[in-house]
Amino acid sequence: MDDLTASALLAEVKRLTEAVERLAGPAPAVNDWEAADCFVWAPARLHLQPIKRPNRVELDLIRGVDHVRDILHENTLRFAEGFPANNVLLWGARGMGKSSLVKAVHADIIKTNGIALKLVEVHREDIATLPALLDIIKDAPHRIVVFCDDLSFDHDDTAYKSLKAALDGGVEGRPDNVLFYATSNRRHLLPRHMMENEQSTAINPSEAVEEKVSLSDRFGLWLGFHKCSQDDYLTMIDGYAAHFSLPLPREQLHHEALEWATTRGGRSGRVAWQYIQDLAGRLRISTDRR
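From a predicted model like this one, the values you see are computed outputs, not experimental measurements.

Q: Can you help me understand the overall build of the protein in this one?
A: Each helix and strand in the protein was counted, giving eleven helices and seven strands. When each of the 290 residues of the protein is scored for burial, the buried share is 44%. The contacts in the protein between residues at least 6 apart in sequence include a share of 75% that link residues at least 24 apart. If you sum the accessible surface of the protein, you get close to 15900 Å²; carbon and sulfur atoms cover 50% of it.

Spelled out as structure tokens, the structure:
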């Protein structure tokens, strides 16, 4: 075999090898639990992407939800310490700090108790890949809160079955080192009108939505978040203003904050934070929380 033929053969072998590698897809990534405290699940590569600077606020800055804050903190601390705890569904009004509370409680427990508790966020569209995620994290040397923000299911959505099995069901069951937290605007994770439509058209109305409704029943704790009062809203504003040392007279601060809420069509923790962002920007003061 001359050099030209050998070179052509090697080039062809290389081309075929590269084609096979492309068909096989990327190799699973190596997951390093020590890289961060927070991760985002990337199912395409079976990878837990470490988040070096999570977007979260101090627990003390979350106001107006003291009761549910204390319940969530106690539940999370028990789990972090290795004791029994419940999966949690945080449901209710938009912008009242449901996801912020989960992240803030996680950070506070690490800071205050020195426990290496990990938080893994799963995007709503990746719920169907939960079995693969659990297979990875069941042998992790840490206790892990798996978190899904803004969770809900539409009429023809079957991804809820993966979550249902992960919460309680399945032969293997939920790993002992895993707890599930989810936030949703819906207590039963699907729109009320869809529940009513299925009940009105089903042969057996009482069983029409039982399978989907039973999903929310698998969360041992339901923590409700409701629209805040004007006093709660202004308490949030005062807390942020003090934390970031925003030099505005209290009367003017409240007047502007209420006017801001009026233009936004309602009061909530999110609206309060958006006003503070606007005010800090006008005053040229940083609110970098990370």
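Q: Mind showing me how you'd approach the confidence of the model for the protein here?
A: Fine structural detail should not be taken from predicted coordinates in areas where pLDDT scores are low. Predicted confidence across the protein gives a mean pLDDT of 83, with 79% of residues reaching 70 or more. This model gives residues 193-205 a pLDDT under 50, and the stretch forms 14 contacts once residues within four places in sequence are excluded.

Q: I would appreciate a short explanation of the layout of surface pockets in the present structure.
A: Gaps left between atoms are located by rolling a probe of water-molecule size over the structure's atoms. Counted as a void, the largest pocket has a volume near 530 Å³. If you go around the largest pocket, you meet 25 residues; those closest to its centre are Gly 95, Gly 97, Ser 99, Ser 100 and Arg 270. Contributions of two or more residues to the lining of the largest pocket are made by helix 3 (98-113), strand 6 (178-184), helix 9 (230-243) and helix 11 (269-283). In terms of residue count, helix 3 provides more of the lining of the largest pocket than any other element does, four residues in total. Each residue belonging to the lining of the largest pocket can be placed in one class, and the counts come to seven nonpolar, nine polar and nine charged. Classifying every residue of the lining of the second largest pocket gives four nonpolar, three polar and five charged.

Q: Can you help me understand the sheet that holds strand 3 (residues 88-92) in this one?
A: Pairing between sheet strands relies on hydrogen bonds along the backbone, with the strands arranged either parallel or antiparallel. Spatial ordering of the open sheet is given by 2-1-4-5-6-3-7, a layout of seven strands whose pairing is mixed. Bordering the open sheet on either side are strand 2 (47-51) and strand 7 (221-225), each of which pairs with just one other strand. Direction aside, neighbouring strands of the sheet carry axes that sit 25 degrees apart on average. Pairing analysis gives five bridges linking strand 5 (residues 144-148) to strand 6, with the strands arranged parallel.

Q: In this structure, what is going on with the packing of aromatic side chains? I would like to understand it.
A: Note on aromatic pairs: each is described by the distance of the centres and the angle between the planes. Evaluation of the coordinates by the stated rule reveals five aromatic pairs. Both rings, one in Trp 33 and one in Phe 39, keep their centres 5.2 Å apart while their planes meet at 70 degrees; by these two values the pair is edge-to-face. Across this residue pair, the class does not change: Trp 33 and Phe 39 are buried. One aromatic cluster in this structure is built from Tyr 240, Phe 244 and Trp 273.

Q: When you look at empty space enclosed by the protein in this model, what are you seeing that I'm missing?
A: The final tally for this structure, using the stated rule, is one cavity of 30 Å³ or more. Volume-wise, the largest cavity comes out at about 50 Å³. Residue lining of the largest cavity: Ile 127, Leu 130, Val 146, Phe 147, Cys 148, Leu 163, Phe 180, Tyr 181 and Ala 182, and that is the complete set. Its residues assigned to classes, the lining of the largest cavity comprises nine nonpolar, no polar and no charged.

Q: Sorry, what's going on with the pattern of salt bridges here?
A: Should the charged atoms of two oppositely charged side chains come close, the side chains can pair. By the definition in use, this model includes eight salt bridges. Note that Asp 70 is salt-bridged to Arg 69, the shortest N-O span being 3.1 Å. On the accessibility criterion, Asp 70 (45% relative accessible area) is partly exposed. A cluster of three or more residues bridged by salt bridges with shared partners is formed by Asp 66, Arg 69 and Asp 70.

Q: I would appreciate a short explanation of the pairing of strand 5 in the present structure.
A: Side chains on a regular strand alternate between the two faces of the sheet. Where burial is concerned, most of strand 5 is hidden: five out of the five residues are buried. Across the two faces of strand 5 the burial is the same, with Ile 144, Val 146 and Cys 148 and Val 145 and Phe 147 all buried. Summarising the sheet, strand 4 (residues 118-121) and strand 5 pair through four bridges and their orientation is parallel. Residue pairing for strand 5: Glu 121 is matched across the bridge by Phe 147. Handedness of the strand 4-helix 4 (residues 130-137)-strand 5 crossover: right-handed.

What counts and what doesn't
- Residues numbered from 1 in each chain as written.
- Predicted model: local features only at pLDDT ≥ 70, side-chain atom pairs only at ≥ 80, totals over all residues.
- Heavy atoms only, no water.
- Helix = DSSP H or I, 4+ residues; strand = E, 2+ residues; numbered from the N terminus.
- Buried < 20%, exposed > 50% of the residue type's maximum accessible area, 1.4 Å probe, protein only.
- Contact = heavy atoms within 4.5 Å.
- Areas by Shrake-Rupley, 256 points an atom, 1.4 Å probe, with all protein chains shown as cover.
- pLDDT = per-residue confidence, 0-100.
- 1 Å grid on protein atoms, 1.4 Å probe; cavity = no way out; pocket = protein on both sides within 12 Å on 5 of 7 lines; lining within 4 Å.
- Points joined across faces, edges and corners; volume = space filled by probe spheres on them.
- Nonpolar A, V, L, I, M, F, W, Y, C, P; charged D, E, K, R; others polar.
- Pairing = 2+ DSSP bridges.
- Axes fitted to C-alpha atoms, helices over the stretch in contact; angles between N-to-C directions.
- Phe/Tyr/Trp six-rings, centres within 6.5 Å; stacked < 30°, edge-to-face > 60°.
- Salt bridge = Lys/Arg side-chain N within 4 Å of Asp/Glu carboxyl O.
- Right-handed = clockwise from strand over helix to strand, strands pointing away.

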